[in-house]
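Letter by letter, the chains look like this.
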Amino acid sequence: MTGFERVTAADVRLMQALAQRVTAIRPDLISAGASYGELAWTWGRGHAAHGATWPRRLWFSGGEPVAWGWACLPHRVRRGDGTVKDVTGTSLTYQVHPGHAGLVDEVIDWYDGVAAGPEHRVVPSAADGFAVERWAAHGYRPDRASLGDTGDWTQLNERGLTDVEQPVLPDGFRFRTADEVGPQAAVRAHVDAWAPSSYTAQGYEGVRRTAAYRGDLHLLVEAPDGTMASSTIMWLDEVNRSAEFEPVGTHPDYRRLGLARAMLLHGMHRARAAGATHATVACLGAPGRPEARGLYYGLGFRELSRDAPLIRTKAGTAG
């Protein structure tokens, strides 16, 4: 294995800087996991537990980052309910500036040098035809399991922040922020919504320490009994005047009450007050997973880009 340097907080800021530059000119080329907010969320919540399995490499031109790769090697995930999940393959998140597209081959070569396990996965943007062709030339094929009716590929959705309707909560519910409710309640809200979850107080502390996090833009809905019934974090990209919702979740006992819809509308108003003119949110795009997509479409979001999940196995065949 060569080129093993772990992802650091400083690296994430450089990766975010490239995300901002690409977003400004070709937002449809943002790879899965490579958006401004997703980078902060992923690194913040996971680096303490999994950072030792996160090799990275960055490429520069004129002192600015123009490409990067962040691999996730085989590791074990321990969830709060006591269950354990073994991740046996390697996955890659990466970004290449469109003005330096030829670097994708260097990213692929680097990835092949650090990847371990029987399966190597990557999710370029489907809009990046050149990159998809280069991955294919290196033996990567469409991941049939991910592309199935209930697969796990992601699409990014967008909308402008003009004409945002006013949010309406059921009686007794109210909007809160993480600054108001504190770390314990903020973590509990996420764990309840995403159970079984590996999220911990340590993970949240990592999120809070990212340069992009703002507790006043970490929104929750409090139920009459004090339960934090729904939550989301907004990541404000001031360069592009855009706010990204990631993650968005609701406690299973409080679903179908319109809480997430109201929270997102409330968030869009807060984002606009903070200077944003545009909002994005990701969801699963498979036909058999319509729930989140339906919520976002009902709020005026529309697809901006989607994953093209690829895989290469040791045998050189698609999954």
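Reference entry: report on the structure contained in this document.

What counts as what
- Residues numbered from 1 in each chain as written.
- Predicted model: local features only at pLDDT ≥ 70, side-chain atom pairs only at ≥ 80, totals over all residues.
- Heavy atoms only, no water.
- Helix = DSSP H or I, 4+ residues; strand = E, 2+ residues; numbered from the N terminus.
- Salt bridge = Lys/Arg side-chain N within 4 Å of Asp/Glu carboxyl O.
- Buried < 20%, exposed > 50% of the residue type's maximum accessible area, 1.4 Å probe, protein only.
- Core = buried A, V, L, I, M, F, W, Y, C linked by side-chain atoms within 4.5 Å.
- Contact = heavy atoms within 4.5 Å.
- Phe/Tyr/Trp six-rings, centres within 6.5 Å; stacked < 30°, edge-to-face > 60°.
- Polar contact = N/O pair within 3.5 Å; in protein donor to acceptor, adjacent residues only side chain to side chain.
- Pairing = 2+ DSSP bridges.
- Axes fitted to C-alpha atoms, helices over the stretch in contact; angles between N-to-C directions.

## Some words on unusual backbone geometry
Working step 1: A cis amide bond links A195 to the next residue, P196, at an omega of -5 degrees.
Working step 2: Positionally, P196 belongs in the loop between α6 (183–194) and α7 (201–208).
Working step 3: With an omega of 0 degrees, the peptide bond running from E246 to P247 counts as cis.
Working step 4: By the secondary structure assignment, P247 is in strand β13 (residues 242–250).
Working step 5: If you check the backbone angles, D163 has positive phi at about 55 degrees while not being a glycine.
Working step 6: If you trace the backbone, D163 turns up in the loop between β9 (154–160) and β10 (174–177).

## Describing the pattern of salt bridges
Working step 1: Tallied over the full model, the rule gives 18 salt bridges.
Working step 2: Measuring nitrogen to oxygen at the nearest pair gives 2.8 Å for the salt bridge that ties R26 to D28.
Working step 3: Overall, the relative accessible area of 18% leaves D28 in the buried class.
Working step 4: Where R121 meets E119, a salt bridge forms, and the shortest distance between an N and an O atom there is 2.7 Å.
Working step 5: Each of R174, R176, E180 and E222 takes part in salt bridges that share partners, so that together they form one network.

## Overview of the nonpolar core
Working step 1: F173, F245 and F301 are the most contacted members of the largest nonpolar core, which totals 29 residues.
Working step 2: Within the residue set of this core, elements represented by two or more residues are β11 (218–222), β12 (228–237), β13, α8 (259–273) and β14 (278–284).
Working step 3: Beyond its immediate chain neighbours, meaning those up to four positions away, F173 contacts V221, E222, A223, P224, A229, Y254, L257 and L259.
Working step 4: Counting 20 residues, the second largest nonpolar core, distinct from the first, contains L92, V104, V114 and A131.

## Some words on the packing of aromatic side chains
Working step 1: Scanning the entire structure with this criterion turns up 10 aromatic pairs.
Working step 2: Between Y94 and W135, the aromatic rings sit 5.7 Å apart at their centres with planes inclined by 55 degrees, giving tilted as the arrangement. Here the residue Y94 occupies a position in strand β6 (residues 90–96), and W135 occupies one in helix α4 (residues 129–137), the gap between them amounting to 41 residues. An identical accessibility class is assigned to Y94 and W135; each is buried.
Working step 3: Here Y111 and W135 contribute two aromatic rings whose centre-to-centre distance is 6.2 Å and whose plane-to-plane angle is 75 degrees, an arrangement assigned as edge-to-face. Placement of the pair is Y111 in helix α3 (residues 104–114) and W135 in helix α4, with a sequence separation of 24 residues.
Working step 4: Classification of Y111 as buried rests on a relative accessible area of 0%.

## As for the side chain of T250
Working step 1: Tracing the backbone shows T250 in strand β13.
Working step 2: Side-chain polar atoms of T250 contact the side chain of S230, separated by 2.9 Å.
Working step 3: Look past the residues within four positions of T250 in its chain and what remains in contact with it is A193, A229, S230, R255 and A260.

## Structural notes on the environment of D163
Working step 1: On the basis of relative accessible area, D163 is assigned to the exposed category, the value being 73%.
Working step 2: Spatially, the C-alpha atom of D163 lies 40 Å from that of R144, the residues being 19 residues apart in sequence.

## A word on the sheet that holds β11
Working step 1: The strand order across the open sheet formed by seven strands is β10-β11-β12-β13-β14-β9-β15, and the pairing between neighbours is mixed. The open sheet has two free edges, formed respectively by β10 and β15 (302–306), since each of these has just one partner strand. Averaged over all neighbouring strand pairs, the angle between strand axes comes to 30 degrees, with direction disregarded.
Working step 2: In terms of strand pairing, β9 meets β15 through four bridges, oriented antiparallel. Along β15, the bridge assignment pairs E158 with R302.
Working step 3: In the packing of helix α9 (residues 291–298) onto the sheet, contacts are made with β9, β13, β14 and β15, and the angle to β14 comes to roughly 160 degrees.

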